[in-house]
Amino acid sequence: MLTLAVVVCSRDRAVQLRDCLTAVLTQPAEEILVVDSASAGPQTREVAEGLGARCVRLEAPGLARARNAALHATTADVVAFTDDDCRPADDWSAAIRRRFATSAAEAERLGFVAGRVTARGTGQPVSVLDDTEPRRYAGGDDVSFVGHGANLAIARACWADLGGFDELLGVGARLRSAEDTDLMWRALREGWIGRFEPGAEISHEQWRNRGDALRASYGYGVGAGALRSKAARLAGRPAGRRL
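Since the structure is predicted, the reported quantities are computational estimates derived from the model, not experimental observations.

### Focus on the pairing of strand β8 (residues 151-155)
Counting buried residues along β8, 5 of its 5 residues qualify, which places the element largely inside the surrounding structure. Neither face of β8 is open: one carries N151, A153 and A155, the other L152 and I154, and all of them are buried. By the bridge criterion, 5 bridges tie strand β4 (residues 78-83) to β8 in an arrangement that is antiparallel. Within β8, the position partnered with A80 by the bridge is A153. Sheet topology places strand β6 (residues 110-120) next to β8; 3 bridges connect them, and they run antiparallel. Note that in β8 the partner of F112 across the bridge is I154.

Here it is as structure tokens:
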């Protein structure tokens, strides 16, 4: 039977983490894990352990580093990530498990599943992907708008095949973002299949004001530019231009 772990990577957002974990802990999964990405104080660990989730502490920040640490810390076949400012729908993890199980039955080499991200709250809209059509992605497809790490499940075999997330990318690292898109791009390049599954839905709290949203968008741009350069270097300029 396919095993599933749910992971929340968090840094210094204990109040949001508490709200997120309250919903995450209702999900059917073999393990619930919080990765404390070098929080300044003990609150992240206290919230996680107080609610009954296992917590892995990192001494250096970086979202890609935290995602890799999560996969090292669990033996689950599939690791489903969401963010501490998100809340999964009741059947979120079940929809992910069904998608992987169906693909396995059809002998499809499924490497990742991205899901729907709806907006909750009145702040500036950031990281919303309110698409209702299922999609399949293979080598040569543009992964720029497949999905993102707020709602992304990775097959362990795919992660291991690719050597993990690129730790130069992602929030907390020098290149700011795109560790999720980079992994999806590399997965398709190596012959894995990707899926967008709208039935796997989370809601994303829109808490940012205009300044926060602009800073986040700038970080996304830095990561996107880095990824485009990486793709051009590894696979040629046409590959970079497609991103």
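From this point, the discussion proceeds with the structure in view.
### Focus: the packing of aromatic side chains
Following the criterion strictly, the structure yields 1 aromatic pair and no others. Here the aromatic rings of F81 and F165 are separated by 6.1 Å at their centres, their planes lie at 90 degrees, and the arrangement is edge-to-face. Residue F81 is located in strand β4, and its partner F165 is located in the loop between α5 (156-162) and α6 (179-189); the two are separated by 84 residues in the primary sequence. A single burial state applies to F81 and to F165, both of which are buried. One cation-aromatic arrangement involves R67 over F165; the distance from NZ or CZ to the ring centre is 5.9 Å.

### Regarding the pattern of salt bridges
In this structure the tally under the stated criterion is 20 salt bridges. Put simply, R57 and E59 hold a salt bridge, and the shortest N to O gap is 3.2 Å. Its relative accessible area of 37% is what places R57 among the partly exposed residues. Measuring nitrogen to oxygen at the nearest pair gives 2.8 Å for the salt bridge that ties D212 to R215. You can see D212 and its partner R215 sitting in helix α7 (residues 210-235), 3 residues apart, about one turn around the helix. Judged by its relative accessible area of 24%, D212 is partly exposed.

### Some details on unusual backbone geometry
One non-glycine residue with positive phi stands out, namely A38, at about 65 degrees. By the element assignment, A38 lies in the loop between β2 (31-37) and α2 (43-50). The buried category is assigned to A38, whose relative accessible area is 11%. The phi angle at R176 is positive, at roughly 75 degrees, despite the residue not being glycine. Residue position: R176 is located in the loop between α5 and α6.

### Topic: helix α1 (residues 14-24)
Residues A14, Q16, L17, C20, L21, A23 and V24 constitute the buried set of α1. Elements that come into contact with the buried residues of α1 comprise β1 (4-10), β2, α2, β4, β5 (86-88) and β9 (193-205).

### Here's the deal with the packing of α1 against α2
Between α1 and α2, the least distance of the axes is 9 Å, while the angle of their chain directions is 20 degrees. Taken together, α1 and α2 sit at an angle that is classed as roughly parallel. For the pair α1 and α2, the crossing hand works out as right-handed. Listed contacts from α2 to A14, L17, R18 and L21 of α1 are Q43, T44, V47 and A48. Of the residues belonging to the contact of α1 with α2, the class tally is 5 nonpolar, 2 polar and 1 charged.

Rules used throughout
- Residues numbered from 1 in each chain as written.
- Predicted model: local features only at pLDDT ≥ 70, side-chain atom pairs only at ≥ 80, totals over all residues.
- Heavy atoms only, no water.
- Buried < 20%, exposed > 50% of the residue type's maximum accessible area, 1.4 Å probe, protein only.
- Helix = DSSP H or I, 4+ residues; strand = E, 2+ residues; numbered from the N terminus.
- Pairing = 2+ DSSP bridges.
- Phe/Tyr/Trp six-rings, centres within 6.5 Å; stacked < 30°, edge-to-face > 60°.
- Lys NZ or Arg CZ within 6 Å of the ring centre and 35° of its normal.
- Salt bridge = Lys/Arg side-chain N within 4 Å of Asp/Glu carboxyl O.
- Contact = heavy atoms within 4.5 Å.
- Axes fitted to C-alpha atoms, helices over the stretch in contact; angles between N-to-C directions.
- Parallel < 35°, antiparallel > 145°, perpendicular 65-115°, else oblique.
- Left-handed = near helix turned anticlockwise from the far one by under 90°.
- Nonpolar A, V, L, I, M, F, W, Y, C, P; charged D, E, K, R; others polar.

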